[in-house]
Amino acid sequence: MKLFIDSGNLHEIESLVPLGIIDGITTNPSLLAKEGGDARAIVKRICEVVKGPVSAEVVATESGAMIAEGRELAKIDDHVVVKIPFTREGIKAIKALSGEGIRINTTLIFSATQALFAAKAGAAYVSPFVGRLDDIASDGMLLIEQIVEIFDHYEFGTEVLVASVRSPMHIVTAARMGADICTCPAKVIDACFNHPLTDIGLEKFLKDWEQAKRGK
Ligand code: E4P
């Protein structure tokens, strides 16, 4: 399973990329707005740091304007994937832009039919938001299970990108279900590095090593 960082923050991205296990980045208008400054310049800089897909989202809502904005976003860098929300207008834009060879990440997916329609329109990725479903006492990971099962029956070539991830357990479940990608906030990736038994174990290994060297 590929691992993306869900962030528009260069500091976070630059601190995690050297791990060598980051395959791409997702941003959204809220994340980029939080950073301030020129959003397109930030996306360009992210593309220079991460040699993988970098999702940048349109803010237009009418298909013609989405298509025009999507073309502009795609020009920022070869790594840019244009993110388009799942709406009636969005699906038309997905069909048109995919036909031009622009890779699309369909965002704000909350049902299996939305994922199916986006795949039929030619999207390269669908992003089901699991955390936001959990937030309303629905089951985000059940949606992933459904989409993975549906996509397994066909040959769309659309990847399931698990989004709105809130905890390491979302990553575990996504991998068990065979999702293609999980995009995670930096703090969720950081949390995967915390295990008290690893810390205790390492401390003991190093202590034993030092004692042996001192001949005790
Ligand atoms: C994904 O592409 C979205 O940017 C993101 O995962 C949304 O997460 P949130 O529900 O925590 O805002």
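Everything below is about the structure shown above.
What comes next is a walk through the structure. Just so we're clear, the structure is a prediction, and the values are computed from it rather than from any experiment.

What counts and what doesn't
Residues numbered from 1 in each chain as written. Predicted model: local features only at pLDDT ≥ 70, side-chain atom pairs only at ≥ 80, totals over all residues. Heavy atoms only, no water. Helix = DSSP H or I, 4+ residues; strand = E, 2+ residues; numbered from the N terminus. Expected span 1.5 Å × (residues − 1). Buried < 20%, exposed > 50% of the residue type's maximum accessible area, 1.4 Å probe, protein only. Contact = heavy atoms within 4.5 Å. Polar contact = N/O pair within 3.5 Å; in protein donor to acceptor, adjacent residues only side chain to side chain. Near = heavy atom within 4 Å. Areas by Shrake-Rupley, 256 points an atom, 1.4 Å probe, with all protein chains shown as cover. Nonpolar A, V, L, I, M, F, W, Y, C, P; charged D, E, K, R; others polar. Axes fitted to C-alpha atoms, helices over the stretch in contact; angles between N-to-C directions. Parallel < 35°, antiparallel > 145°, perpendicular 65-115°, else oblique. Left-handed = near helix turned anticlockwise from the far one by under 90°.

**Concerning helix 4 (residues 63–76)**
Thought 1: For helix 4, spanning 14 residues, the distance from its first C-alpha to its last is 20 Å, which sits close to the expected 20 Å at 1.5 Å a residue.
Thought 2: Within helix 4 the residues assigned to the buried category are Ser63, Met66, Ile67, Glu69, Gly70, Leu73 and Ile76.
Thought 3: On its buried side, helix 4 packs onto helix 3 (39–49), strand 3 (54–57), strand 4 (80–85) and helix 5 (88–99).
Thought 4: Capping of helix 4 at its N-terminal end is provided by glutamate 62; its side-chain oxygen lies 2.9 Å from the backbone amide nitrogen of glycine 64.

**Points about the site of the ligand**
Thought 1: Around the ligand, a shell composed of Asp6, Thr26, Asn28, Lys83, Phe129, Arg132, Ala163, Ser164 and Arg166 is seen.
Thought 2: Protein contact buries 86% of the 350 Å² of open area that the ligand shows by itself.
Thought 3: A per-class count over the shell around the ligand returns two nonpolar, three polar and four charged.

**Side note on the packing of helix 3 against helix 4**
Thought 1: Relative to each other, helix 3 and helix 4 sit at 45°, their axes nearing to 9 Å. Put simply, helix 3 runs oblique to helix 4. Across from Arg40, Val43 and Lys44 in helix 3, the residues of helix 4 making contact are Glu69, Glu72, Leu73 and Ile76.
Thought 2: Grouping the constituent residues of the contact of helix 3 with helix 4 by class yields three nonpolar, no polar and four charged.

**Concerning the side chain of serine 63**
Thought 1: Tracing the chain through its elements places serine 63 in helix 4.
Thought 2: Ignoring any residue separated from it by four or fewer positions in sequence, one finds serine 63 in contact with Glu89, Lys92 and Ala93.

**Brief notes about the packing of helix 8 (residues 140–152) against helix 9 (residues 168–177)**
Thought 1: Contact geometry for helix 8 and helix 9: axes closest at 10 Å, N-to-C directions at 20°. Taken together, the axis directions place helix 8 and helix 9 in an arrangement best described as roughly parallel. Judged by the sense of rotation from one axis to the other, the crossing of helix 8 with helix 9 is right-handed. For the pair helix 8 and helix 9, contact is made by Met141, Ile144, Glu145 and Val148 and by His170, Thr173, Ala174 and Met177, respectively.
Thought 2: Here the residues of the contact of helix 8 with helix 9 sort into five nonpolar, two polar and one charged.

By themselves, these are just geometric observations and shouldn't be taken as functional.
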